[in-house]
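Summary of the model geometry
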Amino acid sequence: AAKELGKGQARFYDPAMECEIPHKLQRERELVDAIEREEFVLHLQPQISISGDDCLRVEALIRWKHPTLGLLPPADFIIIAEDSGLIIPIGTWVLRRACRFAAQLLNDGKKINIAVNISTKQLRHPDFYKTLTDILTEESFPPHLLELEITESCFLEDLDAVILLIQKIRKLGVTIALDDFGTGFSSLNYLRKLPVDYLKIDRSFIQGLEIDRESQAITSSVISLASELNIHVIAEGVETTAQFDFLRCRKVEYVQGFLFYRPLPMNILLNSFGQIKVFNDQNKLN
Ligand code: C2E
Ligand code: MG
Ligand code: MG
Ligand code: MG
């Protein structure tokens, strides 16, 4: 049927069937090369402590320096990496790169806590714990300065086994943050069972704060419940002062978002180190 359409038209015949799949395969092949050539970089987004009393916290966010397309965000390749299994080597690279960077900083007397996003597939890989401990040892990085961001989907299967694994990881001193909270299957009740140190309220709720009462209600209850359970709260995706005021009034401990900082290349973070902790308009870099 494709032939009947004429020369060179085949791939445009049915975008869903004949364009997307080759595109995915192409991307996947490029990703294999990208791992080989280390075409990735980490950008770091500061998390601002409202009480301002602890060391600088940043989240590492991967970007792909694609040879022809420029800097690609994770949305353009993480799902492909997860589906193909390439997330394992990529995730290992991210973890090592993050620990190495923060360890170098520490050597220069600059202490940061670095959070790394871990895909469910990566966490559940049988080698994950060993990879993690190997990296911490090889990079001489103190575990208590590393945080792993996982999502609720980690707990969808084998809940007990995952909880045991996470408890083992926390015994190392590594902290755990539950990312995108509120978007998954979570009931507030089951949060009680999960061994997490931090909870990140998903951006969608923060963005709803000025728009709907539901987002306000959910955000407020999550904050107070977390505090009852001794879980620290981070609000992600804070873009406006109105959102920030709402969160501050409800005693959120950490805020992260474009209102304060965008994810920054490592050298920029280094250059502005020391000025970052305080939140005021002068510290907005973008
Ligand atoms: P996430 O972990 O929830 O990260 C937060 C995302 O929100 C980041 O997008 C960040 O740039 C963006 N963001 C932060 N503040 C704001 C704001 O105020 N407004 C808006 N509109 N966006 C904000 P990014 O870097 O594109 O990452 C997207 C997702 O990709 C991440 O969501 C995470 O799930 C995944 N990801 C990023 N890096 C990695 C990685 O190294 N490994 C894995 N497995 N996933 C990663
Ligand atoms: Mg995250
Ligand atoms: Mg998130
Ligand atoms: Mg996420």
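Residues numbered from 1 in each chain as written. Chains lettered and ligands numbered in written order. Predicted model: local features only at pLDDT ≥ 70, side-chain atom pairs only at ≥ 80, totals over all residues. Heavy atoms only, no water.

For the rest of this paragraph, the subject is the coordination of the magnesium ion (ligand 2). Coordination of the magnesium ion (ligand 2) by the protein comes from Glu 59 (OE), Asn 117 (OD1), Glu 149 (OE) and Asp 179 (OD), over a distance range of 1.9 to 2.2 Å. Mapped onto the polypeptide sequence, the residues donating to the magnesium ion (ligand 2) form the spacing pattern E-x57-N-x31-E-x29-D. If you look at the magnesium ion (ligand 2) and the magnesium ion (ligand 3), they sit 4.1 Å from each other and are both ligated by Asp 179. Here the residue Glu 59 occupies a position in strand S2 (residues 56-66), and Asn 117 occupies one in strand S4 (residues 112-117), the gap between them amounting to 58 residues. Under the relative-accessibility criterion, Glu 59 is labelled buried at 4%. (Donors = N, O, S within 2.8 Å, 3.2 Å for Na, K, Ca; no water. Helix = DSSP H or I, 4+ residues; strand = E, 2+ residues; numbered from the N terminus. Buried < 20%, exposed > 50% of the residue type's maximum accessible area, 1.4 Å probe, protein only.)

So, about the pattern of salt bridges. The full count for this structure, using the stated rule, is 15 salt bridges. A salt bridge links Asp 83 to Lys 24; the nearest nitrogen and oxygen atoms lie 3.2 Å apart. Residue Asp 83 is found in helix H2 (residues 78-84), and its partner Lys 24 is found in helix H1 (residues 15-37); the two are separated by 59 residues along the sequence. Asp 83 gets classed as exposed once you look at its relative accessible area, which sits at 51%. Overall, Lys 24 belongs to the partly exposed group, its relative accessible area being 32%. Asp 158 serves as the salt-bridge partner of Arg 124, at 2.8 Å between the closest nitrogen and oxygen. Of this pair, Arg 124 sits in the loop between helix H4 (120-123) and helix H5 (128-138) while Asp 158 sits in the loop between strand S5 (146-151) and helix H6 (159-171); the two residues are 34 residues apart in sequence, bridging distant segments of the chain. Accessibility expressed as a relative area gives 30% for Arg 124, which makes it partly exposed. Judged by relative accessible area, Asp 158 falls into the exposed class, the value being 51%. (Salt bridge = Lys/Arg side-chain N within 4 Å of Asp/Glu carboxyl O.)

Position of Gln 45 relative to the elements: it lies in strand S1 (residues 40-49). Note on Gln 45: relative accessible area 7%, which makes it buried. For Gln 45, the side chain forms a polar contact with the side chain of Gln 256, separated by 2.9 Å. Among the polar contacts made by the side chain of Gln 45, one reaches the main-chain carbonyl oxygen of Tyr 261 at a distance of 2.8 Å. (Polar contact = N/O pair within 3.5 Å; in protein donor to acceptor, adjacent residues only side chain to side chain.)

This brings us to the pairing of strand S7 (residues 198-201). The side-chain alternation of S7 yields two buried faces, one formed by Tyr 198 and Lys 200 and the other by Leu 199 and Ile 201. Examined bridge by bridge, strand S6 (residues 175-181) and S7 share 3 bridges and lie parallel to one another. In the sheet register, Phe 181 faces S7, and the bridge partner there is Ile 201. Strand direction decides the pairing type here: S7 and strand S8 (residues 232-236), joined by 4 bridges, are parallel. Bridge pairing in S8 places Ile 201 opposite Ala 235. (Pairing = 2+ DSSP bridges.)

Quick look at the layout of surface pockets now. By volume, the largest pocket amounts to about 1100 Å³. Looking at the largest pocket, it is lined by 38 residues, and the ones nearest its centre are Glu 59, Leu 61, Pro 74, Asn 117 and Asp 179. Within the residue set of the lining of the largest pocket, elements represented by two or more residues are S2, H2, helix H3 (87-107), S5, S6 and helix H7 (203-208). Counting residues per element, the lining of the largest pocket draws most heavily on S2, which supplies 5 residues. (1 Å grid on protein atoms, 1.4 Å probe; cavity = no way out; pocket = protein on both sides within 12 Å on 5 of 7 lines; lining within 4 Å. Points joined across faces, edges and corners; volume = space filled by probe spheres on them.)

Once that is clear, we can look at the nonpolar core. One broad trend across soluble globular proteins is that nonpolar side chains are buried collectively. Core analysis: the biggest nonpolar cluster contains 80 residues, and Ile 114, Leu 146, Leu 148, Phe 155 and Leu 247 have the highest contact counts within it. Top element by residues in this core is H3. It accounts for 11 residues. Contact partners of Phe 155, with chain neighbours within four places excluded, come to Ile 150, Val 162, Ile 163, Ile 166, Leu 178, Phe 185, Tyr 190 and Leu 194. (Core = buried A, V, L, I, M, F, W, Y, C linked by side-chain atoms within 4.5 Å. Contact = heavy atoms within 4.5 Å.)

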